[in-house]
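What follows is each chain in one-letter form.
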Amino acid sequence: MNEEQFKAIFELTGYRQQDFSVCLGCKICASVCTVNDLSPSVNPQDILLSLFLGHEVNSDHALVHYCTNCYRCTNACPWGIRIPEVIRALRESLALESTFERAFKGSLKIWGRVYEPYIFMKTGVFLLKEGYLKYMPKWTEYMSFHLPHGVRRLSSQGGPSDSKGRL
Amino acid sequence: MDYAYYPGCSLTGSARRLDKGVRKVFRLLGHTLKDIPDWNCCGAFEYGDRKELTRLSGENLRKAKGMAREVIAPCPACSKNLKEANGDGDFRVYNPLDLFSKDFLSGLTIKRDLKGQVFTPYYGCVLLRPAETAIPNTSVMEEFVMNLGADVAGEKVKDRCCGGNRFFINKWATEKLSRMILEKSKGPILVFCPLCHMALTTFSGNERVVYFTDLILYVAGEEGTL
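Definitions and cut-offs
Residues numbered from 1 in each chain as written. Chains lettered and ligands numbered in written order. Predicted model: local features only at pLDDT ≥ 70, side-chain atom pairs only at ≥ 80, totals over all residues. Heavy atoms only, no water. 1 Å grid on protein atoms, 1.4 Å probe; cavity = no way out; pocket = protein on both sides within 12 Å on 5 of 7 lines; lining within 4 Å. Points joined across faces, edges and corners; volume = space filled by probe spheres on them. Helix = DSSP H or I, 4+ residues; strand = E, 2+ residues; numbered from the N terminus. Nonpolar A, V, L, I, M, F, W, Y, C, P; charged D, E, K, R; others polar. Pairing = 2+ DSSP bridges. Axes fitted to C-alpha atoms, helices over the stretch in contact; angles between N-to-C directions. Contact = heavy atoms within 4.5 Å. Phe/Tyr/Trp six-rings, centres within 6.5 Å; stacked < 30°, edge-to-face > 60°. Buried < 20%, exposed > 50% of the residue type's maximum accessible area, 1.4 Å probe, protein only. Lys NZ or Arg CZ within 6 Å of the ring centre and 35° of its normal. Parallel < 35°, antiparallel > 145°, perpendicular 65-115°, else oblique. Domains from an automatic or database assignment. Buried area = accessible area lost by both parts, 1.4 Å probe. Salt bridge = Lys/Arg side-chain N within 4 Å of Asp/Glu carboxyl O.

**Q** Is there a simple way to think about the layout of surface pockets in this case?
**A** Summary: where empty space remains is shown by rolling a probe the size of a single water molecule over the atoms. Quantified by volume, the largest pocket comes out at close to 1000 Å³. Along the walls of the largest pocket sit 48 residues, with F100(A), E116(A), S10(B), S14(B) and L195(B) positioned nearest its centre. Looking at the lining of the largest pocket, the elements with two or more residues in it are α7 (99-111) and α8 (116-122) of chain A together with α3 (76-86) and α8 (194-202) of chain B. For the lining of the largest pocket, a count of residues per class yields 34 nonpolar, 12 polar and two charged.

Written out as structure tokens, the structure is:
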């Protein structure tokens, strides 16, 4: 993690480095974290501590991989720190976007909305390789083909844009 | 009453059943939902940039100006993002579950009861957390089914995470989390979130996953909803 990536986390979340000084180290976030069911000894607090101290956060941290945005930590935290949003910013600053996330954002750039057939097409190879197609019989009620939404491309003020303000 | 309506992306595709259900329940209650014109995606949980999320939902609220003061957004991710972008602003943003109290639903003609049946009301994450955007009554679905004579199960897992958010990234994680909820369920699982519906349905065996709106329509005498 370079300095720019470190700074980006604060810019993206709107938190300042000193905001994490209030963390008491009570680890209640760790005790309620959903990721406990997926990985041993998960501790969101050590990410906050690293960021406060200006230390590098390891991109292999279980939360970077598995945080489900469930906000159990935020609800339990005496300060209501929005840890899932810190993790999302971490993922973004470390460019750890998944195929799905790239397709999602791609769809927004074109239509301003998530157009599911486009997502399906863009993630097709991934879905095939990872064995998702076996669930198709369960998905009949979700499947339908519809034309892209009749929305115009949004203006750079209105719609999702990249950092340079382009669509 | 007139509401501005924000369907959101999944309700125009994979979750069109929820869209149909919400529209019908509001129609039966004598309310009008007016679609926000040219709405754009709320960004769900896919952006690390808080400002970007606020901007996307702010844009939708701007498009709702002059339509109604009350905005309805059925998808929990959309209602959370819209509520956060609005803050203490011009609108009152609701998830339908914010409104579905006994009083609000009292206008429905009840044609069926649920005596002898068991349901598992399941809320998941974003309807209950964070506190600022959560629904005010966290037992709204339980109260509805119990008033009609049914029992509820699975209280301990109603606020657990199904992992739906990671479904197209680490499906084994979603499978493990969803199975923990399915195992504790009894009878149909009542949900309001399109992601929870998909995750739980995908990993279900004999369990049925039902949108809460479909249950409301069933007791109101609609056919083919449950």
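**Q** How should empty space enclosed by the protein be read in this particular structure?
**A** Throughout the structure, instances matching the rule amount to five cavities of 30 Å³ or more. Approximately 130 Å³ is the volume found for the largest cavity. As for the largest cavity, its lining consists of 15 residues, and the residues nearest its centre are R88(A), R91(A), E101(A), F45(B) and E46(B). Looking at the lining of the largest cavity, the elements that each hand over two or more residues are α6 (83-93) and α7 of chain A. Ranked by residue count, the leading element in the lining of the largest cavity is α6(A), at three residues. Residue composition of the lining of the largest cavity, grouped by class: four nonpolar, three polar and eight charged.

**Q** How should the sheet that holds strand β3 (residues 70-72) of chain B be read in this particular structure?
**A** Pairing between the strands of a sheet is mediated by backbone hydrogen bonds and can be parallel or antiparallel. Residue and element names in this part refer to chain B. The strand order across the open sheet formed by four strands is β2-β1-β3-β4, and the pairing between neighbours is parallel. Because the sheet does not close on itself, it has two edges, and the strands there are β2 (32-35) and β4 (92-94). Pairwise comparison of adjacent strand axes, ignoring direction, gives a mean angle of 35° for this sheet. The pairing of strand β1 (residues 2-5) with β3 spans two bridges and is parallel. Residue pairing for β3: A4 is matched across the bridge by V71. Its contacts with the sheet place α3 against β3 and β4, and it is angled at close to 165° to β4.

**Q** Before we go on, may I ask you to explain the packing of aromatic side chains in this structure?
**A** Aromatic ring pairs: the centre-centre distance and the angle between the two ring planes describe each pair. Considering all chains together, one arrives at 27 aromatic pairs over all chains under this definition. For the pair Y66(A) and W172(B), a centre-to-centre distance of 5.4 Å together with 80° between the ring planes defines the contact as edge-to-face. Taken as a pair, Y66(A) in helix α4 (residues 62-66) and W172(B) in helix α7 (residues 171-183) lie in two separate chains rather than in one. When its relative accessible area of 18% is taken as the criterion, Y66(A) is described as buried. Ring geometry for F26(B) against F100(B): centres 5.9 Å apart, planes inclined by 40°, an arrangement best described as tilted. Of this pair, F26(B) sits in helix α1 (residues 16-28) while F100(B) sits in the loop between α4 (96-99) and α5 (102-105), and the two are 74 residues apart along the sequence. By the ring-pair criterion, three or more aromatic residues cluster together here, those being F100(A), F104(A), F126(A), Y132(A), Y135(A), W139(A), F167(B), F168(B) and F203(B). Above the ring of Y47(B), the side-chain terminus of K105(A) is found at 4.8 Å from the ring centroid. It is R113(A) that lies over the ring of W39(B); its NZ or CZ is 3.4 Å from the centre.

**Q** Could you clarify how one ought to interpret the packing of helix α2 (residues 50-64) of chain B against α3(B) in this entry?
**A** Helix-helix packing is described using two parameters, namely the angle between the two axes and the distance between the axes. Residues and elements named next belong to chain B. Contact pair α2 / α3: the axes reach a minimum separation of 8 Å and the direction vectors enclose 90°. It follows that α2 is roughly perpendicular to α3 by the angle criterion. Only N81, L82, E84, A85 and N86 of α3 make contact with α2, whose side of the interface consists of R50, L53, T54, S57, G58, N60 and L61. Class assignment of the residues belonging to the contact of α2 with α3 gives a composition of four nonpolar, six polar and two charged.

**Q** I tried to follow the domain arrangement of chain B on my own but got confused; where do I start?
**A** Often, the extent of an interface is quoted as the loss of accessible area upon association of its parts. All names here are of chain B. On domain assignment, one finds that chain B holds domain 1 (2-99) and domain 2 (102-219). At the interface, 28 residues of domain 1 touch 25 residues of domain 2. Both sides together, the interface formed by domain 1 and domain 2 hides about 2200 Å², and carbon and sulfur atoms give 79% of it. Contact with domain 2 buries area across many residues of domain 1, yet L29, P76 and L97 alone supply 30% of it, more than any other trio. At the surface where domain 1 touches domain 2, the tally comes to one salt bridge.

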